Amino acid sequence: MTMNNKQSLYELLLSEVVPHRNFIFENGVYCAVLPHARYIGEQSFSHSDVQFIDAPLVEVIAKKAFEGCVSLSGVRLLKQCHVGKDAFHGCTFLANIDMRMIKNIDEWSFSGTNLRVVNLEHIAQENIPKQAFSNCHNLTFFKSNSTIIEKRAFYKCVQLQRVECGKLVRIDERAFGFCVSLSYVGRISKKTKAPPSAFADCEYFSSVSQPKTVHKTSRIREIERESADQCPQNSEDWTLGL
């Protein structure tokens, strides 16, 4: 489907379902406003030049919906939303999305994005899926209640320093491989199953971290304020972070 006339664009604005497969924005559509959309289909915007998505009612972002959208910097969500496999994979500029609106995530969902602080403690998902946040080179802090961290979930998150989780049952192969800045992972115990490669090439991670009360650092608060300032509507209701 080619978005090259006003009629087709108008139909999309009224639609509750954004069809699967690629849209081609021939005239350069950089901001996609989808006021009625509840479902964004597979590869709907993949590898397009879209820079901002406003989808306040969306409940499902399907597989590869925005894969490879290297110009995408922000997504506005106001309802709890499922994020499918590879949904934002390779969105290297994406830094602004309200993680409080995420209901659950799938494999590779945010791999290669520009997220810096991620808090998913509100969701009940017990696992961090395979490569969900791999290659997020600016990610510094992550928090959730998950008890399983799957294979390469944070692989090559080179700025990641601190991870807060539930009482960890299992950490899979290379879950934190090449996380060269990692210094703390809680809550690990002697019962946590983890192969030696789980922390491969983690230069600063050397000991089992016990549960502690964690407070926001001044740097995390600074990141949240910066994210709020970058949002097009400057709304405190959908800033990145805790």
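Report on the accompanying structure. (Residues numbered from 1 in each chain as written. Predicted model: local features only at pLDDT ≥ 70, side-chain atom pairs only at ≥ 80, totals over all residues. Heavy atoms only, no water.)

1. Let's talk about the overall build of the protein
Argument step 1. Summing up its helical and strand segments, the protein has two helices and 16 strands in all.
Argument step 2. Within the protein, the proportion of its 242 residues that are buried is 50%.
Argument step 3. Partitioning the intrachain contacts of the protein with sequence separation of at least 6 by distance along the chain shows that 20% fall at a separation of at least 24.
Argument step 4. Total accessible area on the protein stands at roughly 11,400 Å², and carbon and sulfur atoms take up 48% of it. (Helix = DSSP H or I, 4+ residues; strand = E, 2+ residues; numbered from the N terminus. Buried < 20%, exposed > 50% of the residue type's maximum accessible area, 1.4 Å probe, protein only. Contact = heavy atoms within 4.5 Å. Areas by Shrake-Rupley, 256 points an atom, 1.4 Å probe, with all protein chains shown as cover.)

2. What about the packing of aromatic side chains?
For any two aromatic rings, the description comes down to two numbers: the centre-to-centre distance and the angle of the planes.
Argument step 1. Tallied over the full model, the rule gives ten aromatic pairs.
Argument step 2. Their ring planes at 15° and their centres at 5.4 Å tell us that Phe 88 and Phe 110 sit as a pair that is stacked. With Phe 88 in the loop between β7 (81-83) and β8 (96-97) and Phe 110 in the loop between β9 (102-105) and β10 (117-120), the pair connects residues that are 22 residues apart, well separated along the chain.
Argument step 3. On the basis of relative accessibility, which here comes to 0%, the residue Phe 88 falls in the buried class.
Argument step 4. Of the residues examined, Phe 110 reaches a relative accessible area of 0% and is grouped as buried.
Argument step 5. With centroids separated by 5.8 Å and ring planes inclined at 5°, the aromatic side chains of Phe 110 and Phe 133 adopt a geometry described as stacked. Highlighted residues: Phe 110 in the loop between β9 and β10 and Phe 133 in the loop between β11 (127-128) and β12 (141-144), separated in sequence by 23 residues.
Argument step 6. Put simply, the rings of Phe 45, Phe 66, Phe 88, Phe 110, Phe 133, Phe 142, Phe 154, Phe 176 and Phe 199 pair up and form one aromatic cluster.
Argument step 7. The side chain of Lys 156 reaches across the aromatic face of Phe 178, ending 5.7 Å from its centre. (Phe/Tyr/Trp six-rings, centres within 6.5 Å; stacked < 30°, edge-to-face > 60°. Lys NZ or Arg CZ within 6 Å of the ring centre and 35° of its normal.)

3. Regarding the sheet that holds strand β6 (residues 74-76)
Argument step 1. Taken in spatial order, the four strands make up an open sheet running β2-β4-β6-β8, and their pairing is parallel. Across the chains shown, the open sheet's two edge strands, defined by having one partner strand only, are β2 (31-33) and β8.
Argument step 2. Bridge analysis of β6 against β8 gives two bridges, and the strand direction is parallel. Counterpart to Gly 74 in the pairing with β8 is Asn 96. (Pairing = 2+ DSSP bridges.)

4. Things to note about unusual backbone geometry
Argument step 1. Looking along the chain, the bond that leaves Gly 186 and enters Arg 187 is cis, with omega of 10°.
Argument step 2. The phi dihedral of Asp 86 falls on the positive side, at around 60°, and the residue is not glycine.
Argument step 3. By the element assignment, Asp 86 lies in the loop between β7 and β8.
Argument step 4. Positive phi, close to 60°, is recorded for Asn 135, a residue that is not glycine.
Argument step 5. With a relative accessible area of 27%, Asn 135 lands in the partly exposed category.

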